[in-house]
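What the coordinates show
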Amino acid sequence: MPWYQAPAKINLGLWVGPRDQSGFHPVDTVMQTVAFADQLYLEPSDHMLWESSRSDLPMDPANLVVRSYTWCAARIAGLPPIRGRLDKVIPVGAGLGGGSSDAAAVIRWALTYASELPFSETVHDSGELGMDVPFFVRGGTARAEGYGDILTTLPPMRPAGVVLANPGISLSTPRVYEAYDRMGKPSDGEQIGRVIEALKTGALPDSGDLINDLEEPALAVLPALREFRDLLQRTAEGFPIAMSGSGPTYFILGQDEDWAEWMARRLTARGVPWAQPTTVLDSWGKK
Ligand SMILES: C[C@@](CO)(OP(=O)(O)O)[C@H](O)COP(=O)(O)OP(=O)(O)OC[C@H]1O[C@@H](n2ccc(N)nc2=O)[C@H](O)[C@@H]1O
Ligand SMILES: Nc1ncnc2c1ncn2[C@@H]1O[C@H](COP(=O)(O)OP(=O)(O)O)[C@@H](O)[C@H]1O
């Protein structure tokens, strides 16, 4: 099957610790894939040929899809050249992990040529391409600790509707981490355990437990985001809401797909530039 889905993710709580000697910040987060996804057409070919649906995201060596192929080719002897096309729908620089997910889709394709490569080791090492990549190779629901490379698979989250809401602006992840360095004070992190407990009982997490230690830094980098967040909170009327990753996308959780479509229409009517209804997605692609 030449089409691979590269789903977006949301962070159901994101604790961030101070930058350490590695130059990175340790994290503790629960990540969840959603059905809203980039599509990648990947098939073996006799020569390399890349295409992108977006002219501002060319398939050059800076593209995570191309970097991921190069990374795989260095590990998998005999990996054939690839004919690949990226149909990009996930907003770029949105905290939804689109680039990392695209990279992981290429790894999933490449692994079909590498039955001798230990899967867990490859998943772990793929963190070299980006902190969220190991999670996306597996997908579903997982806790990511360390620098995203210590993954604990969690039971699939209950089916739920999700609305992704973005102000139409992108945010640079390194800039948000730098703002955290200037102002950051991590939460105590206990909320992550409570999110996991809620998920295990089939409940949606409480808003109060959906902490994100990068939210205040993101608001410092993009002060206009505060007004956007307030509008979303008023419109969400008590449904769990939080910022995903380094932002600026927020997500709101509700019961099902119909609810998500209703909530997205409500947000659009109130002037939200991009409100995307979707659902949670387990690692086998079930909504
Ligand atoms: C914030 C998170 C949470 O899931 O997701 P996104 O908002 O990107 O989706 C991740 O930590 C995004 O990690 P990653 O995908 O590696 O970030 P990139 O955009 O590649 O930016 C990399 C840069 O961010 C900083 N960085 C990243 C991860 C980390 N644990 N500590 C860091 O300090 C470093 O400056 C690094 O050079
Ligand atoms: N295939 C890709 N999709 C999205 N962004 C990419 C891709 N390849 C490289 N990038 C670069 O990666 C950075 C982060 O992208 P993205 O994964 O969309 O954001 P985030 O880390 O906020 O979830 C952007 O600067 C973008 O130019």
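Only a predicted model underlies this, so the values are computations on that prediction, with no experimental measurement involved. (Residues numbered from 1 in each chain as written. Chains lettered and ligands numbered in written order. Predicted model: local features only at pLDDT ≥ 70, side-chain atom pairs only at ≥ 80, totals over all residues. Heavy atoms only, no water.)

When helices and strands are tallied, the protein shows 9 helices and 10 strands. Here the protein has a C-alpha radius of gyration of 18 Å; the compact-globule value for 287 residues is 19 Å, and the two agree. Taking the principal axes of the C-alpha coordinates as reference, the protein spans close to 55 × 45 × 35 Å. By residue count, 52% of the 287 residues in the protein fall in the buried class. Put simply, of all contacts in the protein between residues at least 6 apart along the chain, 74% involve residues at least 24 apart. The average position of the 25 basic charges and that of the 35 acidic charges among the side chains of the protein differ by 4 Å. (Helix = DSSP H or I, 4+ residues; strand = E, 2+ residues; numbered from the N terminus. Rg over C-alpha atoms; globule rule 2.2 N^0.38 Å. Buried < 20%, exposed > 50% of the residue type's maximum accessible area, 1.4 Å probe, protein only. Contact = heavy atoms within 4.5 Å. Lys, Arg positive; Asp, Glu negative; His and termini not counted. Charge placed at Lys NZ, Arg CZ, Asp CG, Glu CD.)

Along its sequence, the protein is carved into domain 1 (3–153) and domain 2 (161–279). The gap between the C-alpha centroids of domain 1 and domain 2 is 22 Å. Facing 28 residues of domain 1, the contacting portion of domain 2 comprises 36 residues. The interface formed by domain 1 and domain 2 holds 1 salt bridge in total. One salt bridge connects Asp 181 with Arg 19, and the closest N-O pair in it is separated by 2.7 Å. The element contributing the most residues to the side of domain 1 that touches domain 2 is strand 1 (residues 3–16), with 8 residues. Among the residues forming the side of domain 1 that touches domain 2, the class breakdown is 16 nonpolar, 8 polar and 4 charged. (Domains from an automatic or database assignment. Salt bridge = Lys/Arg side-chain N within 4 Å of Asp/Glu carboxyl O. Nonpolar A, V, L, I, M, F, W, Y, C, P; charged D, E, K, R; others polar.)

A word on the site of ligand 1. In the vicinity of ligand 1, 19 residues are found, and the nearest of them are His 25, Met 131, Asp 132, Tyr 177 and Ser 246. Within the side chain of Asn 11, an N or O atom sits 3.3 Å from an oxygen atom of ligand 1. Residue Asp 132 places a side-chain N or O atom 2.9 Å away from an oxygen atom belonging to ligand 1. Here ligand 1, which alone exposes 700 Å², has 81% of that area covered by the protein. Elements supplying a minimum of two residues to the shell around ligand 1: strand 1 and helix 5 (173–183). (Near = heavy atom within 4 Å. Polar contact = N/O pair within 3.5 Å; in protein donor to acceptor, adjacent residues only side chain to side chain. Areas by Shrake-Rupley, 256 points an atom, 1.4 Å probe, with all protein chains shown as cover.)

Leu 64, Lys 88, Gly 95, Gly 97 and Gly 99 are the nearest of the 18 residues found near ligand 2. Gly 97 is positioned such that a nitrogen or oxygen atom in its backbone is 2.7 Å from an oxygen atom of ligand 2. Protein contact buries 73% of the 540 Å² of open area that ligand 2 shows by itself. Secondary-structure elements contributing two or more residues to the shell around ligand 2 are helix 1 (64–73) and helix 2 (98–111). The leading source of residues in the shell around ligand 2 is helix 2, at 3 residues. A class-by-class count of the residues in the shell around ligand 2 yields 9 nonpolar, 7 polar and 2 charged.

This part is about the pattern of salt bridges. In the structure shown here, the tally under the stated rule is 16 salt bridges. When the shortest N-O distance is used, the salt bridge between Glu 216 and Arg 226 registers 3.4 Å. Of the two residues, Glu 216 sits in helix 7 (residues 215–221) while Arg 226 sits in helix 8 (residues 225–236), which places them 10 residues apart along the sequence. Residue class for Glu 216 comes out partly exposed when judged on its relative accessible area of 39%. Two residues, Asp 230 and Arg 229, come together in a salt bridge whose shortest N-O distance is 3.3 Å. What makes Asp 230 partly exposed here is its relative accessible area of 29%.

What follows is about the sheet that holds strand 7 (residues 161–166). The strand order across the open sheet formed by 4 strands is 8-9-7-10, and the pairing between neighbours is antiparallel. Looking at the sheet topology across the chains shown, the edges are occupied by strand 8 (241–243) and strand 10 (274–279). This sheet shows a mean twist of 20° between the axes of neighbouring strands, independent of strand direction. Alignment of strand 7 against strand 10, held across 6 bridges, turns out to be antiparallel. The partner of Val 162 across the bridge, within strand 10, is Thr 278. Contacting strand 7, strand 8 and strand 9 (250–254), helix 8 runs over the sheet at an angle of about 10° to strand 9. With respect to the sheet, helix 9 (residues 257–269) is in contact with strand 7, strand 9 and strand 10, its orientation differing from that of strand 7 by roughly 25°. (Pairing = 2+ DSSP bridges. Axes fitted to C-alpha atoms, helices over the stretch in contact; angles between N-to-C directions.)

UniProt records the feature "domain: GHMP kinase N-terminal" (unreviewed entry) for residues 64–140 in the present numbering. For residues 64–140, helix accounts for 48% and strand for 8%, while the C-alpha atoms at its two ends are 21 Å apart. (UniProt positions renumbered as here; feature names shortened; annotations may be inferred.)

This part covers the UniProt feature "domain: GHMP kinase C-terminal" (unreviewed entry) in the protein. According to UniProt, the positions carrying the feature "domain: GHMP kinase C-terminal" (unreviewed entry) are residues 196–270. Helix makes up 49% of residues 196–270 and strand 11%. Its end C-alpha atoms lie 33 Å apart.

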